[in-house]
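Overview (structure and organization)
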Amino acid sequence: MFSPGRTYPVLCLGQFAATAGLTIVVPLLPFYLAGLGTPRAEIPWWTAVSVAAPAVVQLVSGPLWGWVGDRFGRKAMVVRAHAGLGLAIALMALASTPEEFLACRLLQGACGGVVSATASYATAAASTDRRGRALGMLFGATAAGSLLGPLVGGLLATEIGFGPLFAAVAGMLVLSSVLAACSLAEPPAQARERHSPRVIAGLLLRRRESRLMLLAGFAAQAAIYALVVVFAPQVERMSGSVATATVWVGALQALTWAASCAGSPWWGRRNDRRPAQLGFAVAAACCALAVALQGLVSVEALIPLRIVQGFCFAALVQSVLHVNAHHVPERGSGTAFGFSTGVLDLGQVFGPLAGAVLAVLLPPPAVFSLIGALLGAAALLALAGRTKAEVATSTSAPVETHEKVLR
């Protein structure tokens, strides 16, 4: 029997486990690839390809898995996503060449999709006026995993080695999958209609509001992940030494994710009360200012700027999903979330590449200003979609409206 009281703790625990597991693995990729015998000159290339591979595959697999969940049940997709991610990471521990490791990352993209699967289940389980709270809790768990994962991974990798570490992460994810299978029940279906991934994706792209929110989310993700490439070198220039910069980067990164962990539920509650695209615009604009200033201030002044960045970043992805959930039929939300997260993941691919190019061509203050400008453009895109929506229709339009569009 479906029980909301136990649903969200299980979902949040699973989201935390998945995020912590991935953030343990990803920051250590250069060292792990070196241990596989990758030539030193090729490590940056293999690292970049390995980071991008799951996102590229998930652009195709995400909507397909979402469609399967819409048709056959959301619980199975939560179980599948955690088990698939666990299998991929377990195979990473057995990889002996960079090519084998890349194949495991591609498998991760094909079988994973934890964010879209969990978000689809959570929104199906929540009432319409509490979807923001549900997404806020999930992304708070994501932030907590992003905070603790690298700290734990860095300590354990030196103590037990990469193979056992990856195996432990895989075991944690398998246990999360088993817990979901035993504890979750299928949320009650509120509609019988089912639509293909092509129809749902077309519906999101045809509607101006959802289309602009996807573009805004892509731009924001690209900007934040471009910042990853240039932030540590900037801190090194400010502090004057690698050793000092390492301490500062770790501390500032922890502060950023701690602020995001606190901000996620706050933005989720706000999205239930006010238009989510307006919240996205405010958050992206504040992020833009905080990021642009990071290229100009002293290292100590980065502390409040990174707190603001983390708190506001927490609004971005969940707001995109919140808006898009209102633009598809109830039984199409899984497909919509799969497609939306695939588009946002492409921002994670484009952003680091753009950041690397900018860092070569321009001085640091200009690079940070351009990244801030991209976040400002994301805010304007969200506002542009809201302006049109107020004339045409509200984001709270009933499901029947969507059915007429589809027909």
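Residues numbered from 1 in each chain as written. Predicted model: local features only at pLDDT ≥ 70, side-chain atom pairs only at ≥ 80, totals over all residues. Heavy atoms only, no water.

As annotated in an unreviewed UniProt entry, the chain carries the name MFS transporter and comes from Saccharopolyspora karakumensis. Looking at the chain in UniProt, the text filed under Subcellular location (unreviewed entry) is "Cell membrane". (UniProt positions renumbered as here; feature names shortened; annotations may be inferred.)

Below, the discussion takes up the nonpolar core. The tendency in soluble globular proteins is for nonpolar side chains to be buried side by side. Counting 51 residues, the largest nonpolar core has Phe 280, Leu 316, Leu 321, Ile 371 and Leu 375 as its most contacted members. When residues no more than four places from it in sequence are discounted, the contact partners of Leu 316 are Ala 220, Phe 280, Ala 283 and Ala 284. (Core = buried A, V, L, I, M, F, W, Y, C linked by side-chain atoms within 4.5 Å. Buried < 20%, exposed > 50% of the residue type's maximum accessible area, 1.4 Å probe, protein only. Contact = heavy atoms within 4.5 Å.)

As a further point, take the pattern of salt bridges. Scanning the entire structure with this criterion turns up two salt bridges. Two residues, Asp 70 and Arg 74, come together in a salt bridge whose shortest N-O distance is 2.9 Å. For the salt bridge of Asp 272 with Arg 133, the shortest nitrogen-to-oxygen distance reads 3.1 Å. Here Asp 272, found in helix H11 (residues 242-273), pairs with Arg 133, found in helix H7 (residues 131-160); they are 139 residues apart in sequence, far enough to count as distant. For Arg 133, a relative accessible area of 27% translates into the label partly exposed. (Salt bridge = Lys/Arg side-chain N within 4 Å of Asp/Glu carboxyl O. Helix = DSSP H or I, 4+ residues; strand = E, 2+ residues; numbered from the N terminus.)

Next up on the list: helix H10 (residues 208-239). Over its 32 residues, H10 extends 46 Å from the first C-alpha to the last, a length consistent with the 46 Å expected when each residue adds 1.5 Å. Considering bend angle alone, the principal kink of H10 is centred on Val 230 and spans about 40°; proline Pro 233 follows within four residues of it. One or two positions beyond H10, positive phi appears at Gly 240, with a value near 95°. (Expected span 1.5 Å × (residues − 1). Bend = angle between axes of the 7 residues up to and from the residue.)

Let us look at the domain arrangement of the chain. Taken as a whole, the chain is organised into domain 1 (1-183) and domain 2 (207-386). Between domain 1 and domain 2, the C-alpha centre-to-centre distance is 21 Å. Of the residues lining the interface, 31 residues belong to domain 1; the matching set on domain 2 comes to 31 residues. Summing both partners gives a buried area of about 2700 Å² for domain 1 against domain 2, and 65% of it is carried by carbon and sulfur. Applying the counting criterion to the domain 1 and domain 2 interface returns one salt bridge. (Domains from an automatic or database assignment. Buried area = accessible area lost by both parts, 1.4 Å probe.)

With that out of the way, let us pick up a nonpolar patch on the surface. Together, Leu 148, Leu 151, Val 152, Leu 156 and Ile 160 line one region of the surface with nonpolar side chains, adding up to about 380 Å² of accessible area. Relative to the assigned elements, Leu 151 resides in helix H7. (Patch = residues over 30% accessible without salt bridge, like charges linked within 9 Å, V, L, I, M, F, W, Y side chains within 5 Å. Areas by Shrake-Rupley, 256 points an atom, 1.4 Å probe, with all protein chains shown as cover.)

Summarising the element assignment, Leu 346 is placed in helix H15 (residues 333-361). Taking the relative accessible area as the measure of exposure, Leu 346 reaches 28% and is therefore partly exposed. Not counting chain neighbours up to four residues away, the residues in contact with Leu 346 comprise Leu 59 and Phe 218.

Relative orientation of the contacting elements helix H12 (residues 276-293) and helix H14 (residues 316-325) amounts to 160°, with a least axis distance of 9 Å. Between H12 and H14, the angle is such that the two are roughly antiparallel. Taken as a pair, H12 and H14 cross one another with a handedness that is left-handed. Where H12 abuts H14, its residues Ala 276, Gln 277, Phe 280, Ala 283 and Ala 284 lie against Leu 316, Ser 319, Val 320, His 322 and Val 323. Counted by class, the contact of H12 with H14 contains seven nonpolar, three polar and no charged residues. (Axes fitted to C-alpha atoms, helices over the stretch in contact; angles between N-to-C directions. Parallel < 35°, antiparallel > 145°, perpendicular 65-115°, else oblique. Left-handed = near helix turned anticlockwise from the far one by under 90°. Nonpolar A, V, L, I, M, F, W, Y, C, P; charged D, E, K, R; others polar.)

Moving on, we come to the packing of aromatic side chains. Applying the stated criterion to the full structure yields eight aromatic pairs. Both rings, one in Tyr 32 and one in Phe 166, keep their centres 4.8 Å apart while their planes meet at 45°; by these two values the pair is tilted. With a gap of 134 residues between them, Tyr 32 in helix H2 (residues 29-35) and Phe 166 in helix H8 (residues 162-183) connect regions that are remote in the sequence. Phe 166 sits in the buried class, given a relative accessible area of 0%. Look at Trp 267 and Phe 311: their rings are 6.1 Å apart centre to centre, the planes differ by 55°, and that puts the pair in the tilted class. (Phe/Tyr/Trp six-rings, centres within 6.5 Å; stacked < 30°, edge-to-face > 60°.)

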